[in-house]
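# Architecture at a glance
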Amino acid sequence: MSELNKIALNIISKGRGILAADESNGTMTKRLMAVNVNSTPENRLLFRETLFSSMGMKECIGGVILFDETIKQTTSLGKSIPDLISSSGAIPGIKVDTGAKDLANSFEEKVTEGLDGLRERLKKYYELGARFTKWRAVYTISDKYPSKLAIHSNAHVLARYAALVQESRMVPIVEPEVLMDGDHSADLCLSKTSEVIKKCFDELILHKVDLSGIILKPNMILAGNQSKDKISKEEISEKTLECLKNSVPSEVPGVAFLSGGQSEIEATENLNLISKNNNTNFIMTYSYGRALQQSALKIWSKNIKDLEKTQNIFNHRAKMCSLAAKGEWSNELENK
Ligand code: 13P
């Protein structure tokens, strides 16, 4: 077993998943303003430190994705954030892309940037304690999109990113996110997501990326959020499994889904059925941002000094996601 494969398995095995706390300062400011909290470096740290020191981290979170600001911050007790995460048994990770920018010659689409100087930045992040990384590409679905150009460009940069990350002895999370915005059907989401993921693997293979040392972070197969096509949870799990079975090479150790705007309960329930019906060799788990933090953020904003209430909410959410990753979640446990 390679070192990278070991790290990947460590992060996603035994019902553990990933806490995606890597919101850029811009995104975090929007999230904090929505609950009437000032977005200062101190407040961003306080919320994150509160989550990272919760009990829920111990058995439910195998890895935490950080933003550049956070990986360099120190807790009120003088511990570095990567040390705090490691002391709970989880692995620190870092978002390394610099965001999705307009794609030349297809301006309504995006290509993710951040390759310039990446090798040097990776070296610094490794020294700070990171052992895995994330890069997100986004695609929209409409009559004409995603275009071949967007699918090709993003796959190419994702592969170059992944190769550089492995060269730096870290595990790349490869995140091609087909957005749920729009009125498309679940079947269209299935065919477009399959095309996107297949192209990513074509490029990963071309760039000689060790597929046993990556984690794939895809969207689930859902109907667009403005679609009249309401599909059942069973269908979501069937179509998601069909997509992954047909487009992901067997060497990949696991899949950690993004929540992508689903509610906390939807993201939990859908993962639970996917894991229950999992007829692939891949581990299925979560790499949630909003679906792990939304309720905790709401409670915290009412009194940012009351850490216990925030931690209780987070512990429950993390526990429910962990049960879902094992296919053991139920409504009764959710509401107990
Ligand atoms: P959400 O779970 O909120 O979609 O965030 C996951 C993520 O990391 C997006 O890049």
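See above for the structure.
Note that the structure is predicted; figures quoted are calculated from it, not measured. Sequence order sets the numbering: in each chain, residues are counted from 1 along the sequence as written. In keeping with the model being predicted, local features are shown solely for residues with a pLDDT of at least 70 and side-chain atom pairs are shown and tallied solely at 80 or more, while totals for entire chains, interfaces and linings include all residues. In computing side-chain properties, one takes all heavy atoms of the structure into account and sets aside hydrogens as well as water.

To be near a molecule or strand, a residue needs just one of its heavy atoms within 4 Å of it. In the region of the ligand, the neighbouring residues are Ala20, Lys134, Arg136, Glu175, Lys217, Ser259, Gly260, Ser287, Tyr288, Gly289 and Arg290. As used in this structure description, the phrase polar contact means that two N or O atoms lie within 3.5 Å; if the pair is within protein, one of them must be able to donate a hydrogen and the other to accept it, and residues adjacent in sequence are counted only when both atoms belong to side chains. Note that an oxygen atom of the ligand is positioned 3.0 Å from one of the side-chain N or O atoms of Glu175. Contacts to the ligand include Gly289, whose backbone N or O atom sits 2.8 Å from an oxygen atom. Within the complex, 91% of the 300 Å² of free accessible area of the ligand lies under protein. Mapping the ligand onto the cavity grids shows that it belongs to the largest pocket. Polar here means any residue other than Ala, Val, Leu, Ile, Met, Phe, Trp, Tyr, Cys and Pro, which are nonpolar, and Asp, Glu, Lys and Arg, which are charged; Gly is therefore polar. Here the residues of the shell around the ligand are counted per class, giving 2 nonpolar, 4 polar and 5 charged. Note on areas: these come from Shrake-Rupley sampling with a 1.4 Å probe, and a residue is covered only by the protein chains present in the view. A pocket, in this scheme, is an open set of points on a 1 Å grid over the protein atoms alone with protein on both sides within 12 Å along at least 5 of 7 lines, while a cavity is a set where a 1.4 Å probe fits but cannot get out; residues line either one if an atom lies within 4 Å of a point. Put plainly, a molecule is in a cavity or pocket when over half of its atoms are within 2 Å of the grid points there.

Proteins that are soluble and globular tend to have nonpolar side chains buried together. Core analysis: the largest hydrophobic core is formed by 92 residues, its most contacted members being Phe52, Ile61 and Tyr288. Looking at this core, the element that brings in the most residues is helix 8 (residues 148-167), giving 10 residues. Residue contacts follow a heavy-atom distance rule, with two residues in contact if any of their heavy atoms lie within 4.5 Å. Not counting chain neighbours up to four residues away, the residues in contact with Ile61 comprise Arg16, Gly17, Leu19, Gly56, Ala90, Tyr286, Leu292, Phe314 and Ala318. Remark: nonpolar core denotes a set of buried residues (Ala, Val, Leu, Ile, Met, Phe, Trp, Tyr, Cys) joined through side-chain atoms within 4.5 Å. Each residue is assigned to one of three classes by its accessible area relative to the maximum for its type, calculated with a 1.4 Å probe on protein chains only: buried under 20%, partly exposed between the two thresholds, exposed over 50%. Ala8, Ala20, Ile91 and Ile215 belong to the second largest nonpolar core, which has 14 residues in total. Runs of H or I in DSSP of at least four residues are treated as helices and runs of E of at least two as strands, each being numbered from the N terminus.

Attention now moves to empty space enclosed by the protein. Grid points are joined across faces, edges and corners, and a volume is the space filled by probe spheres set on the points. The final tally for this structure, using the stated rule, is 1 cavity of 30 Å³ or more. A volume near 70 Å³ is recorded for the largest cavity. In terms of lining residues, the largest cavity is bounded by Glu177, Val178, Leu179, Met180, Cys189, Asn219, Met220, Leu222, Leu258, Ser259, Gly260 and Gln262. Of the residues contributing to the lining of the largest cavity, the split by class is 7 nonpolar, 4 polar and 1 charged.

A carboxyl oxygen of Asp or Glu within 4 Å of a side-chain nitrogen of Lys or Arg is what we treat as a salt bridge. Under the definition given, this model contains 17 salt bridges. Across the pair Glu167 and Arg119 runs a salt bridge whose closest N-O atoms are separated by 2.6 Å. Here Glu167, found in helix 8, pairs with Arg119, found in helix 7 (residues 118-127); they are 48 residues apart in sequence, far enough to count as distant. Among the ionic pairs, Lys192 bridges to Glu195, the shortest N-O distance being 4.0 Å. In this pair, Lys192 and Glu195 both sit in helix 9 (residues 186-206), 3 residues apart, roughly one turn of the helix. A relative accessible area of 28% means that Glu195 is categorised as partly exposed. The network of salt bridges with shared partners includes Asp22, Lys95, Lys134 and Glu175.

Let us now look at the environment of Asn270. Along the polypeptide, Asn270 turns up in helix 11 (residues 264-276). Residue Asn270 is classed as buried on the basis of its relative accessible area, which comes to 2%. With residues up to four places along the chain from it excluded, the contact list for Asn270 reads Met220, Leu222, Lys233, Ile236 and Gln262.

So, on to the layout of surface pockets. Approximately 760 Å³ is the volume found for the largest pocket. Mapped onto the lining of the largest pocket, the elements with two or more residues apiece are helix 2 (25-34), strand 4 (99-103), helix 7, strand 6 (132-139), strand 7 (171-178) and strand 10 (283-288). Looking at which element gives the most residues to the lining of the largest pocket, the answer is strand 6, with 4 residues. Its residues assigned to classes, the lining of the largest pocket shows 11 nonpolar, 10 polar and 14 charged.

Turning our eyes to something else, we now look at the pairing of strand 2 (residues 61-66). Of all 6 residues in strand 2, 6 are buried, a share of seventy percent or more. Of the pairings in the sheet, the one linking strand 1 (residues 17-21) to strand 2 comprises 5 bridges and is parallel in character. If you follow Leu19 over to strand 2, its bridge partner there is Val64. Whether two strands pair depends on DSSP finding at least two bridges between them. Across 4 bridges, strand 2 lies against strand 3 (residues 91-95) in parallel orientation. In the strand pairing of strand 3, Val64 is matched with Pro92.

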